[in-house]
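Examining the three-dimensional arrangement
Each chain is listed here by its residues.
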Amino acid sequence: MKLLAPLLALVVALAAAIWLDDTPPRADLVYVNVSEVFTLDPQRMTWMQDLRMAYCLYEGLARWNNDDFTVEAAGADWTISDDRRTYTFTLRPDARWSNGDPVTAHDFVYAWRRAILPDTAAQYSSLFMLIDGAETFFRWRTRALADFAREAEGLDTTQRRDRARALWDETDAMFAATVGLHATGDHTLRVTLARPTPYFLDLVAFGVFCPVHRPTVEGWVVDEATTARFRESGWADVGPPPWPDRRFVSLDPDTGRFRQRHVWTKPGRLVGNGPYVLTDWRYKRGLYIERNPLYHTPDLVRSETVACVSIEDVNTAVLAFESGRIDWLTDVSVEYQGDLLAQRNAYEARYASEIAAGLSAGRTLDETLAGLPAPTRGQRRNIHVLPTFGTDFYSFNCRPKLGDGRTNPFADAAVRRAFVQSVDKALIVRNVTRLDEPVATSLVPPGSIPGYTPPAGLAYDAAGARQQLAAAGWSDRDGDGLVEDANGELFPVVDLLYSTNGTRYRNISLALRDMWQRELGVRVELRGKESKFFREDLRQGNFMIGRGGWYGDYGDPTTFLDLCRTGDGNNVRGFSNQRVDALLNRAADEPDPRARFEVLAECERLLVTEEVPMLVLCQYVQLYMYEPGRLTGLSRHPRLTQYLWKMKADR
Amino acid sequence: MTGLIVRRLLLLPFILMVIYTVTFCLAWLIPGNPLESGEGRRPPPEIVDAMLAQYKLDSPWTFYWDYLGKASGVAWVLGSAEKPFDFGPSLTHKDWTVNEILAAGLPVSMTLGLMAILLACGIGLTAGVIGGVRPGSFVDLATLVVALIGVSLPSFVIGASLLIVFGVWLKVLPVGGWGGVSHAILPAVTLALPFAAYIARLTRFGMIDEMNADYIRTARAKGVAEWRVVIKHALKNAALPVLSFLGPAAAMAMTGSFVVEKIFAVPGIGTHFVNAVLGKDLTLIMGVVLAYSTILIVFNLVVDVAYRWVDPRI
């Protein structure tokens, strides 16, 4: 009985721990992210779920009109010079940060400079290199830091600190002198670009171009009089306090780097200028935002409070949706998604005529579905398939030699064409992935970029594929069902590399193997690898055909076509073609948007009908779960940028 | 006893040092770069270099010593770090430090683990006593069968079934999340069941042995009430094997709840064991491993001390 006292104490402690740890009340809109929100610092964002938050907590210079994806003004008006190189933005004078400070052009200069600085190591900094001088500045600072580290070795700490500050002042001056980014007034921002960029407004609407509040990011410690001046005219007039009073940033005396402690993105600290403010963010539990009372256009916001709940396990996420506590599930990548879709198809088939009537009467699909009787057993209307701004493909290794030194048969475009034409993509999306994705032959998803029509690529043609392969010198000469070259050498066993996270790529790879063995008479060996190892093999060119896929970043065909540029960092295929490079360069210098699209279309035609560095399978789709009619405000455009403030849940 | 405690505590830094070194070597060998996110998307090489430099990941040697200094508190003692036991920023969860992640997750995992163990003791001991008092009876057989199922069914089956029944069909308990008793019930039960089953079997066999012992017959002959015989005399001895099982079981419940935490979306630390490794989040791997090693070592020590206290013969 000695144990009784400690046991009781334990039970009481446990009960207290659980009681005290309570959840906030249910928000007006609750949605589930399968992945955690990684950062609320717009310049360092890369993930879709993070960017979705950026559009709530911050407001950039422009935003997209979700339905047809044109850019509209959010907080600004703009003028574009005739050569399409100078953009002058005029900011709203009434825009405020959530602490009451005015939003000025200096905030944008500060945020964009953060993204350009190599010290921040922003993954999307390459998007900012379109600004005139940004690349020069980036390289200058990178080199200066390398020099600093070399010279710092012989110095003591005080000397290093002084030098780091001197270098920082020099960096300030260098930025102002070289980079075409200037606040010409408190509410006027002038941006000069390196070359005509018709899609610059589309970029500006992207989350990483959102402004940040410098005193917050740097943790300025200032007295009340200064705070009042910030409130009056912004921080730029006063300027930063001395280094020790900037709590979250410092200059590293060893490397000279501008070091940032990313602690300002937590609730209570984060200051934003968007329609919502952050109320709570608890690691792996959820993120809660509510209407920003200082936002300039209150009518925009449809849900007072929004909760973003993290449920890592997709199966649990689906069950949580089924339990009715969640309005929107953003990812349904469960193993049985094909079965869920079959239930949806059963429902649509049951009410096919009613749906057709509703659509022809001008109602949306969701509105029509909401007016129909509830689904019975084995039917379902709350799962939705939305095409995305992404393309699923397999990459051909285009280098003349393979990783192990053997000659690469896929260096020959005719062989690649044969492998593309022998694939029945419709069969794959119907029976293998079971998601009925739109079959694709071009790299850029059709209908995703206003004004651009991607060319049609190679169609399924097994007989034509065999002819292509024969023309490349590979045919079945001895009648054993396998193709060989003129010397009787068999076609090398095709090394098909895929990643083993999830079953999608294993299943597709199996189907591809069967099609190629049957239609072309080649032997194919599958090699599944865990994603880190898979990526490493891809990078080193240790594959013949490898699983690929790409999501576009911005509304221009180059976001896909640049993958095929010689030496591009994401060109894992080792593809290099002078005509493609020349066309891409020509497009980059073309100021007229329509002529530019024509050049890019020609470039893509070359890529998908002649050179085919990749086997394009289909457009990626995203699965959502929500009750049609109850959740409104979702965008169905392939870019799938969902502004949470446009959404509303009726329960 | 004091000698034992002092000896163990003195050994602690050396054990941790070995664990740190081995973990570091293994973690460094994971291919890829922790700072690249997304499938296949690759930032420009200059940015990758800048990121590696920012987190001191450009050389394993400097990272090893730098991290060791900060995590152990040596750097703080020497005055080059702001605070001791600093596990650094997480490489994948960019806005969080490893310390914050541990502080958020550890209490949750430990609460859940302890709840599960208490539940397991309650269920297991009761079932074991009921079965052990009348071996071969219907009740005994029933508890044995249930125990067998409890031991052999994997927790993802039990967990998912409980979620579907209580969360989706009956809608009495929430699906996923943490906060308040209602969220804790299902994961605690799921986590407790295998332990409860094992404890039930241990208790049952102990009880069968003890009930036939001479001192029980003496007690009955003295006219002691039957429930007193069972609880005060027999169970006290029959439960000793349970006590020795509780040490590792409690440790397992608090560390090994990866599956349960994932199924019930419990914001504990268990999922990091796997996710940090998959993402090659070096600082998080080290932080989680070091924190857990410390807890395990201390916990084992506590169990050993408790043993001697409960049963001075050992």
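1. Considerations on the overall build of chain B
The helix and strand inventory of chain B stands at 14 helices and 0 strands. The linear arrangement of helices and strands in chain B, starting from the amino end, is α-α-α-α-α-α-α-α-α-α-α-α-α-α. Along the first, second and third principal axes, the C-alpha atoms of chain B reach 85 × 55 × 30 Å. A total of 314 residues make up chain B; the buried ones form 41% of that total. Residue pairs at least 24 apart in sequence account for 70% of intrachain contacts in chain B once pairs closer than 6 positions are excluded.

2. Examining the overall build of chain A
Counting its regular elements, chain A contains 21 helices and 21 strands. Expected size for 651 residues packed as a compact globule is a radius of gyration near 26 Å; at 28 Å, chain A falls within 12% of this value. Overall, chain A is about 90 × 70 × 65 Å in size when its C-alpha atoms are taken along their principal axes. Looking at chain A alone, contacts between residues at least 24 apart form 69% of all its contacts between residues at least 6 apart.

3. Remarks on unusual backbone geometry
Even without being a glycine, A:Arg84 presents a positive backbone phi close to 55°. Mapped onto the elements of the fold, A:Arg84 is located in the loop between strand S4 (76-80) and strand S5 (86-91).

4. Here we look at the environment of B:Leu243
Residue and element names in this part refer to chain B. Structurally, Leu243 is set in helix H11 (residues 240-255). You can call Leu243 partly exposed: it has 16 C-beta atoms within 10 Å. It is 9.1 Å that separates the C-alpha atoms of Leu243 and Val303, two residues lying 60 residues apart in sequence.

5. Focus on the packing of helix H5 (residues 98-133) of chain B against H11(B)
All names here are of chain B. Where H5 meets H11, the axes come as close as 7 Å, and the angle between the chain directions of the two elements is 140°. Between H5 and H11, the angle is such that the two are oblique. Taken as a pair, H5 and H11 cross one another with a handedness that is right-handed. Of the residues in H11, those touching H5 at Ser109, Met110, Gly113, Ala116 and Ile117 are Leu246, Ala249, Ala250, Ala253 and Met254. Considering only residue class, the contact of H5 with H11 consists of 8 nonpolar, 2 polar and no charged.

6. Description of the sheet that holds S5(A)
All names here are of chain A. Strand order in the open sheet formed by 4 strands is S4-S5-S7-S6, with antiparallel pairing between adjacent strands. Of all the strands in the sheet, the pair left with one neighbour each is S4 and strand S6 (181-185). Averaged over neighbouring strand pairs, the angle between their axes works out to 20° when direction is ignored. Both S4 and S5 contribute to a ladder of 5 bridges, which runs antiparallel.

7. With respect to the domain arrangement of chain B
All names here are of chain B. When its domains are assigned, chain B resolves into domain 1 (2-77) and domain 2 (104-310). Using only C-alpha atoms to locate each centre, domain 1 and domain 2 end up separated by 34 Å. Contacts between the two partners involve 16 residues from domain 1, matched on the other side by 15 residues from domain 2. Contributing elements (two or more residues each) for the side of domain 1 that touches domain 2: helix H1 (2-29) and helix H3 (60-72). Among the elements that make up the side of domain 1 that touches domain 2, the one with the highest residue count is H1 (11 residues). Taken together, the residues of the side of domain 1 that touches domain 2 sort by class into 13 nonpolar, 2 polar and 1 charged.

8. A closer look at the interface of chain A and chain B
Each partner contributes residues to the interface: chain A has 51 residues there, and chain B has 55 residues. Breaking the side of chain A that touches chain B down by element, the ones donating at least two residues are helix H1 (4-20), helix H4 (125-128), helix H10 (314-322) and helix H18 (531-539) of chain A. In terms of residue class, the side of chain A that touches chain B is built from 17 nonpolar, 18 polar and 16 charged.

9. Re helix H16 (residues 462-471) of chain A
Where H16(A) is concerned, the buried positions are A:Ala465, A:Arg466, A:Gln468 and A:Leu469. End-on view of H16(A): buried residues confined to an arc of 160°, all on one side of the axis.

10. Considerations on the confidence of the model for chain B
Residues and elements named next belong to chain B. In the predicted model, chain B carries a mean pLDDT of 85, and the fraction of residues at 70 or more is 96%. When mean pLDDT is compared element by element in chain B, helix H7 (residues 155-169) scores highest at 92, while helix H2 (residues 45-54) scores lowest at 77. In the predicted complex, the global pTM is 0.90; the interface-specific ipTM is 0.87.

11. What about the environment of B:Ile149?
Along the chain, B:Ile149 falls in helix H6 (residues 138-152). Note: C-alpha distance between B:Ile149 and B:Ser244 (95 residues apart in sequence) is 23 Å.

12. Some points on the nonpolar core
By size, the foremost hydrophobic cluster in this structure holds 176 residues, and its most contacted members are A:Leu57, A:Leu329, B:Ala116 and B:Ala192. With 16 residues, the single largest contributor to this core is H5(B). In contact with B:Ala116, other than residues within four places in its own chain, are B:Ala188, B:Leu191, B:Ala192, B:Phe195 and B:Ala253. Within the second largest apolar cluster, 63 residues are counted, among which are A:Ala418, A:Met544, A:Ile545 and A:Phe560.

13. Concerning the pairing of strand S19 (residues 614-625) of chain A
Put simply, side chains in a regular strand alternate between the two faces of the sheet. Residue and element names in this part refer to chain A. Taking burial as the measure, the 12 residues of S19 include 10 buried ones, the bulk of the element. In this sheet, S19 lies alongside strand S14 (residues 383-396) in antiparallel orientation, the contact comprising 10 bridges. Residue Val385 lies in a different strand from S19, and its bridge partner there is Leu623.

14. Some words on H5(B)
Counted at 1.5 Å a residue, the expected span for H5(B) with its 36 residues is 52 Å, and the 51 Å between its end C-alpha atoms agrees. Largest kink in H5(B): about 25°, centred on B:Gly105, with the proline B:Pro107 one to four residues after it.

15. Observations regarding the environment of B:Ile231
Tracing the sequence through the fold places B:Ile231 in helix H10 (residues 226-238). Judged by the 12 C-beta atoms lying within 10 Å of it, B:Ile231 falls in the exposed class.

Rules used throughout
- Residues numbered from 1 in each chain as written.
- Chains lettered and ligands numbered in written order.
- Predicted model: local features only at pLDDT ≥ 70, side-chain atom pairs only at ≥ 80, totals over all residues.
- Helix = DSSP H or I, 4+ residues; strand = E, 2+ residues; numbered from the N terminus.
- Buried ≥ 20, exposed ≤ 12 C-beta atoms within 10 Å, placed from the backbone.
- Contact = placed C-beta atoms within 7 Å.
- Rg over C-alpha atoms; globule rule 2.2 N^0.38 Å.
- Axes fitted to C-alpha atoms, helices over the stretch in contact; angles between N-to-C directions.
- Parallel < 35°, antiparallel > 145°, perpendicular 65-115°, else oblique.
- Left-handed = near helix turned anticlockwise from the far one by under 90°.
- Nonpolar A, V, L, I, M, F, W, Y, C, P; charged D, E, K, R; others polar.
- Pairing = 2+ DSSP bridges.
- Domains from an automatic or database assignment.
- Arc of directions from axis to C-beta.
- pLDDT = per-residue confidence, 0-100.
- Core = buried A, V, L, I, M, F, W, Y, C linked by C-beta atoms within 7 Å.
- Expected span 1.5 Å × (residues − 1).
- Bend = angle between axes of the 7 residues up to and from the residue.

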